[in-house]
Amino acid sequence: MAILAKLQERHPAPATALSIENLVPPAGSPPFQLSLDPNEFNLAKVLLALPKGSAPGLDGWRFEFLRLVAASASCCFSLLIVVNLMLQGGIPDDAVPPLANCRLIPLKKGDNDVRPIAIASCLRRLVARVVCYRSSRAFQAFFQPIQFGVAVAGGTEAIIHYARAHLQKNPDHCLIQVDIKNAFNEISRQAFFAVLLSAFPGLFPFVKLFYGIEGGLFIDDIVSIASREGVQQGDPLGPFLFCLGIQAILADLTVSHPECKILAYMDDISILGPPAAALRVFHDLQTGCVPVGLRVNPDKCVIFSRTQNLVGLDVGSTPVVDMESSCIKVLGVPLGEDAACGQWLLDRTNQIIATSKCLENLVSLQHRWLLFKCCISQSFTFFLRTCPRQVLFSGAGDDCKPALVWRNSLLDWLQKAAQSDVWTPGSVEQVFLPAAFGGLGFIDPIQAADAAFYGSWCLVGSLLQKFDPGLVTHSLEAAGNGPLRDVFSAFQRLKDEIRLDLLSPSDELPSPQSVIESPILFAQARAM
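Rules used throughout
- Residues numbered from 1 in each chain as written.
- Predicted model: local features only at pLDDT ≥ 70, side-chain atom pairs only at ≥ 80, totals over all residues.
- Heavy atoms only, no water.
- Phe/Tyr/Trp six-rings, centres within 6.5 Å; stacked < 30°, edge-to-face > 60°.
- Helix = DSSP H or I, 4+ residues; strand = E, 2+ residues; numbered from the N terminus.
- Buried < 20%, exposed > 50% of the residue type's maximum accessible area, 1.4 Å probe, protein only.
- Lys NZ or Arg CZ within 6 Å of the ring centre and 35° of its normal.
- Patch = residues over 30% accessible without salt bridge, like charges linked within 9 Å, V, L, I, M, F, W, Y side chains within 5 Å.
- Areas by Shrake-Rupley, 256 points an atom, 1.4 Å probe, with all protein chains shown as cover.
- Salt bridge = Lys/Arg side-chain N within 4 Å of Asp/Glu carboxyl O.
- Lys, Arg positive; Asp, Glu negative; His and termini not counted.
- Charge placed at Lys NZ, Arg CZ, Asp CG, Glu CD.
- Pairing = 2+ DSSP bridges.
- Axes fitted to C-alpha atoms, helices over the stretch in contact; angles between N-to-C directions.
- Contact = heavy atoms within 4.5 Å.
- Core = buried A, V, L, I, M, F, W, Y, C linked by side-chain atoms within 4.5 Å.
- Disulfide = S-S within 2.5 Å.
- Nonpolar A, V, L, I, M, F, W, Y, C, P; charged D, E, K, R; others polar.
- Polar contact = N/O pair within 3.5 Å; in protein donor to acceptor, adjacent residues only side chain to side chain.

Draft legend 1. Spatial organisation of the packing of aromatic side chains. Enumeration over the complete set of coordinates arrives at 20 aromatic pairs. A ring pair is formed by F148 and F467, whose centres lie 5.9 Å apart and whose planes are at 55°; its orientation type is tilted. Separated by 319 residues along the polypeptide, F148 in the loop between α7 (136-143) and α8 (155-169) and F467 in helix α19 (residues 445-467) bring together distant segments of the chain. For F148, a relative accessible area of 1% puts it in the buried group. Between F200 and F240, the ring centres sit 5.3 Å apart and the planes meet at 75°, which makes this aromatic pair edge-to-face. Residue F200 is located in the loop between α10 (189-199) and α11 (204-211), and its partner F240 is located in helix α12 (residues 238-256); the two are separated by 40 residues in the primary sequence. Both residues of the pair, F200 and F240, count as buried. Connected via pairs of aromatic rings, a cluster forms that spans W344, F372, F380, F383, W406, W413 and F442. The ring of F210 carries the charged tip of R124 above its face, separated from the ring centre by 4.6 Å. Note that R125 overlies the ring of F63, its terminal NZ or CZ placed 4.9 Å from the centroid.

As structure tokens, then:
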């Protein structure tokens, strides 16, 4: 009952009734629809690319069932007609509730909270995914350079690298991390519908089908909670709609406070700038969130700066972190003094290792290995991409260096899982060999630390260069960043001058991830 009460608290009633009956797309705005010509849009390819093993909604259907449609051209054509009807809001009224209602799964969040995940019908999720896929460039153009949570590859990494570079270039600036209470479930539907109608009118009929009514969120197919406000976490369009609701606020703050930089990954908002100016942005953001139904929680926000820079400023109840002796967590990654970041990362690494012990109760070795590789080890891979070497290998001894602690614990865990007494050099090599070459596919932090970090920079560097070229140049020219500068320059030349047929038969440029997985390609890039 306690969990049910928390879920109900997470889904409040709107402050004012939703009023969209009189909202209609502007005259002449074309509806969002897909071509029936398979040469222009191939639904079968989209169906085959859908994630495997995704949980079903209340109807019990999975993407695997829709994927069977791809085997029949006539069925695929019929499904495409249904998709277009949904995009145009043309499905019968009695068909809307089964598609709008969701299965609600409470996930544990922290020690005493839950995160509600709503799983809708796979047909509704299919249409939402098609919209995201076909509109990614339009979404990106609308939200950048403020919002990195929609249609941006490596959006979290872009914010992390930018924030670190900004603080290194401007040591007298501060960073404010903003916490918004229950953001996704409380964003005003009236607010995002208004922006949707003006910016993306072709999507209005489809979104109105499911957010223009009171949806039902079902627990165990019996108990239901009304979904009357906000967006549903689990809806592929949910992040887009939430970001629509707050974009005007963030854009106005960016214009009115040009001395500060505002970056957002959905509801995770970072403010960078001189302390006095950044605090003005923070206070204005608190006020601006109210009309769209959001509440900033000052007690959970964090100001990261030298404390003497904040003397006499109104910080309220917001905690202050001393830059010189500690670090701040930005999107799950520590920023600040290297030793403090290294200690934070070491503590987090030990937490990840402790989590892996729960897998020891599984009987199947294959199940243990898959869960460890696909769930637990990915956390440290993200640190490899976002933390520089001096953080990964900080510490006085091997048992204090996060990367080495992780590597040794990984080998110990695999050895225990395989019930093996000794590791031969060949066994260790096979652990870190790509799966395509007969290995287990784990990433060796010693060998991949530089490649992962450089690859992440290459992924987001060009994007950051578009709106702050000076900061990127300063970061690349900083002392000790020579290798990063060389690799980044090599990839720029690769993009601008060298066609991929020199390296691969594909017509596309290599992704930074492929560099991590291919030491040969990484070496070729370094040599250019």
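Additional details are given in the paragraphs that follow.
Draft legend 2. A look at a nonpolar patch on the surface. Residues L36, F77, I81 and L85 make up a contiguous nonpolar surface patch of roughly 320 Å² in combined accessible area. Relative to the elements of secondary structure, L85 occurs in helix α4 (residues 73-87). According to the relative accessible area criterion, L85 is partly exposed, its value standing at 37%.

Draft legend 3. Spatial organisation of a positive patch on the surface. On the surface, K109, R115, K181 and K300 cluster together into a patch of positive charge. Structurally, R115 is set in strand β2 (residues 113-119).

Draft legend 4. Geometry of the sheet that holds β2. The sheet built from four strands is open, its strands ordered β2-β1-β4-β5 with mixed pairing. Single-partner strands in this sheet number two, and they are β2 and β5 (223-227). Across this sheet, the average inter-strand angle for adjacent strands is 40°, counted without regard to direction. Pairing of strand β1 (residues 102-109) with β2 involves seven bridges; the strand directions are antiparallel. Its bridge partner lying in β2, L104 is registered against A118.

Draft legend 5. A look at the environment of G215. Mapped onto the secondary structure, G215 falls in strand β4 (residues 215-219). Linking G215 and A100, residues 115 residues apart in sequence, is a C-alpha distance of 5.7 Å. In contact with G215, other than residues within four places in its own chain, are N101, I225, A226 and S227.

Draft legend 6. Focus on unusual backbone geometry. Cis peptide bonds are those with omega within 30 degrees of zero, and the linkage from Q144 to P145 qualifies with 10°. Considering the arrangement of structural elements, one finds P145 in the loop between α7 and α8. Located in the positive-phi region is A151, a residue other than glycine, with phi close to 60°. One can find A151 in the loop between α7 and α8. The residue N182 is not glycine, and still its phi comes out positive at about 45°. Mapped onto the elements of the fold, N182 is located in the loop between β3 (174-178) and α9 (183-186).

Draft legend 7. Expanded view of the nonpolar core. Counting 85 residues, the largest nonpolar core has L126, V178 and F240 as its most contacted members. Looking at which element gives the most residues to this core, the answer is α12, with nine residues. Among all residues touching V178, those that are not within four sequence positions of it are D267, I269, I271, F282, L285, V296 and C301. The next biggest cluster of nonpolar side chains, apart from the first, holds 66 residues, and it includes F372, V391, L414 and V431.

Draft legend 8. Quick look at the state of the cysteines. Scanning the model with the defined rule gives zero disulfides in all. Free of any disulfide, C132 has its nearest neighbouring cysteine sulfur in C243, separated by 11 Å. With no disulfide of its own, C260 has C174 as its nearest cysteine by sulfur position, at a separation of 7.5 Å. Residue C260 is classed as buried on the basis of its relative accessible area of 7%.

Draft legend 9. Here's a closer look at the pattern of salt bridges. Summed over all chains, the structure comprises eight salt bridges. Across the pair D444 and R407 runs a salt bridge whose closest N-O atoms are separated by 2.9 Å. Of this pair, D444 sits in the loop between α18 (425-431) and α19 while R407 sits in helix α17 (residues 402-417), placing them 37 residues apart in sequence. R407 gets classed as buried once you look at its relative accessible area, which sits at 17%.

Draft legend 10. Representation of the side chain of R125. Mapped onto the elements, R125 comes out in helix α6 (residues 122-134). Of the side chains with opposite charge, D59 comes closest to the buried, unpaired R125, at an N-O distance of 6.4 Å. Excluding residues that lie within four positions of it along the chain, R125 makes contacts with S54, A55, P56, G57, W61, F63, I119, A120, G234 and P236.

Draft legend 11. Local environment of the packing of helix α15 (residues 365-386) against α19. It is the contact of α15 with α19, at a shortest axis distance of 6 Å, that shows an interaxial angle of 65°. Taking contact as the criterion, the partners of F380, L384, R385 and T386 in α15 are, on α19, P445, A449, A452, F453, G455, S456 and L459. Looking at the contact of α15 with α19, its residues break down into seven nonpolar, three polar and one charged.

Draft legend 12. Spotlight on the side chain of E229. On the secondary structure map, E229 appears in the loop between β5 and α12. Look at E229: it is buried, it has no salt bridge, and the nearest opposite charge is R189 at 4.7 Å. Within the structure, E229 has its side chain in polar contact with the backbone nitrogen of R189 (distance 3.0 Å). When sequence neighbours within four positions are dropped, the list of residues in contact with E229 reads P12, P14, A15, N185, E186, I187, S188 and R189.

Draft legend 13. Just the pairing of β3, in detail. Counted residue by residue, β3 has five buried out of five residues, so it is predominantly covered. By the alternation rule, side chains of β3 split into C174, I176 and V178 and L175 and Q177, which are all buried. Pairing analysis gives five bridges linking β3 to strand β7 (residues 268-273), with the strands arranged antiparallel. Paired with I176 across the two strands is I271, which belongs to β7. Where β3 lies against strand β8 (residues 302-305), three bridges are found, and the strand directions are antiparallel. Its bridge partner being in β8, Q177 is matched across the sheet by V302.

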